[in-house]
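Coordinates in review
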Amino acid sequence: MTQNAPHDTSSAAPFPPVLTRHAEAETCADPSSVMTLLADSGSTADGFTTYRSTFTKGAVGAPAHFHTKATELFFVISGSLQVLVGEEITVLGAGDFLAVPPRTPHAFAAASGCEADVLFVFTPGMGRFDYLRLLGRVTRGEADPKEIAASAERYDNHYVDSPVWRAALEASA
């Protein structure tokens, strides 16, 4: 091109471009999964948080919970992920996408007998990587599980009881 396009400042991006190289990404692990932390946007209301989780066969991902501000997006890269949305349970396969709006109870686990590799995106972003790190410390016995409950508002992660989810997990055990 020989002509420069005019610079339109009215459409400026709300945050700078984000690039995370695989070799430089932080990982968090527990006995059932490895999380690769990709982008955490705690400083911009219009940003996002994203990470990739690889679950072992039948691994439980998250108990029933909801977010008051964020929409949580799931994209299954490979394997199968069992998901609770509201009171309905479904299994997502490779290539499936799910968007869970705010205030909708949901939970997830690798489907029975299956592994799952899933990309998670939260929008707007809230700086959730410290929450994921906390989960790892609790799993390893390095932090008190009460810290998770105490962090509900900070990380917009509110746990709820779901008899439907408990029954599904018991049936797949």
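Basis of the calculations
Residues numbered from 1 in each chain as written. Predicted model: local features only at pLDDT ≥ 70, side-chain atom pairs only at ≥ 80, totals over all residues. Heavy atoms only, no water. Helix = DSSP H or I, 4+ residues; strand = E, 2+ residues; numbered from the N terminus. Contact = heavy atoms within 4.5 Å. Areas by Shrake-Rupley, 256 points an atom, 1.4 Å probe, with all protein chains shown as cover. Core = buried A, V, L, I, M, F, W, Y, C linked by side-chain atoms within 4.5 Å. Buried < 20%, exposed > 50% of the residue type's maximum accessible area, 1.4 Å probe, protein only. Salt bridge = Lys/Arg side-chain N within 4 Å of Asp/Glu carboxyl O. Phe/Tyr/Trp six-rings, centres within 6.5 Å; stacked < 30°, edge-to-face > 60°. Polar contact = N/O pair within 3.5 Å; in protein donor to acceptor, adjacent residues only side chain to side chain. 1 Å grid on protein atoms, 1.4 Å probe; cavity = no way out; pocket = protein on both sides within 12 Å on 5 of 7 lines; lining within 4 Å. Points joined across faces, edges and corners; volume = space filled by probe spheres on them. Nonpolar A, V, L, I, M, F, W, Y, C, P; charged D, E, K, R; others polar.

Glancing now at the overall build of the protein. Helix and strand counts for the protein stand at four helices and ten strands. Going residue by residue from the N terminus, the α and β elements of the protein occur as β-β-β-β-β-β-β-β-β-α-α-α-β-α. Contacts spanning at least 24 positions in sequence make up 70% of the contacts within the protein whose residues lie at least 6 apart. Working note: accessible area of the protein is about 9,600 Å², and carbon and sulfur atoms make up 56% of it.

Core analysis: the biggest nonpolar cluster contains 29 residues, and Tyr-51, Phe-55, Phe-74, Leu-81, Phe-108 and Val-118 have the highest contact counts within it. Secondary-structure elements contributing two or more residues to this core are strand E2 (33-40), strand E3 (49-55), strand E5 (71-85), strand E7 (97-100), strand E8 (106-110), strand E9 (116-123) and helix H1 (129-139). In terms of residue count, H1 provides more of this core than any other element does, five residues in total.

What follows deals with the pattern of salt bridges. All chains considered together, the criterion is met by seven salt bridges. With a closest N to O distance of 2.7 Å, Asp-130 and Arg-133 form a salt bridge. On the criterion of helical spacing, the pair formed by Asp-130 and Arg-133 is a turn pair, its members being three residues apart in helix H1. For Glu-142, the salt bridge is made with Arg-140, and the minimal N-O distance between the two is 3.2 Å. Note on Glu-142: relative accessible area 53%, which makes it exposed. Three or more residues are tied together by salt bridges with common partners; here these are Glu-26, Asp-130, Arg-133 and Arg-154.

Right, let's get into the packing of aromatic side chains. What describes a pair of aromatic rings is the distance from one ring centre to the other and the angle between the planes of the rings. Going through the model one piece at a time under the given rule, you end up with seven aromatic pairs. Here Phe-74 and Phe-120 contribute two aromatic rings whose centre-to-centre distance is 5.1 Å and whose plane-to-plane angle is 65°, an arrangement assigned as edge-to-face. With Phe-74 in strand E5 and Phe-120 in strand E9, the pair connects residues that are 46 residues apart, well separated along the chain. Across the pair, exposure class does not vary: Phe-74 and Phe-120 are buried alike. Ring pairs connect the aromatic residues Tyr-51, Phe-55, Phe-74, Phe-108, Phe-120 and Phe-122, which therefore count as one cluster.

Okay, the environment of Thr-104 next. Here Thr-104 lies in the loop between E7 and E8. When the C-alpha positions of Thr-104 and Glu-87 are compared, they lie 9.6 Å apart, and in sequence the two are 17 residues distant. Each residue touching Thr-104, except ones within four places of it in the same chain, is listed here: His-65, Phe-66, Val-85 and Gly-86. Among the polar contacts listed, one links the side chain of Thr-104 to the backbone oxygen of Pro-101, at a separation of 3.1 Å.

What follows deals with the side chain of Gln-82. Its location among the elements puts Gln-82 in strand E5. Look at Gln-82 and you get buried, because its relative accessible area is 9%. Leave out the neighbours within four places in its chain, and Gln-82 touches Ile-89, Thr-90, Val-91, Ala-107, Phe-108, Ala-109, Ala-110, Ala-111, Ser-112, Trp-165, Ala-168 and Ser-172.

Taken as a whole, the largest pocket encloses approximately 390 Å³ of empty space. Along the wall of the largest pocket there are 25 residues; nearest its centre are Gly-61, Ala-62, Tyr-131, Leu-132 and Leu-135. Within the residue set of the lining of the largest pocket, elements represented by two or more residues are E2, E3, strand E4 (60-66) and H1. Looking at the lining of the largest pocket residue by residue, the classes come out as 14 nonpolar, eight polar and three charged.

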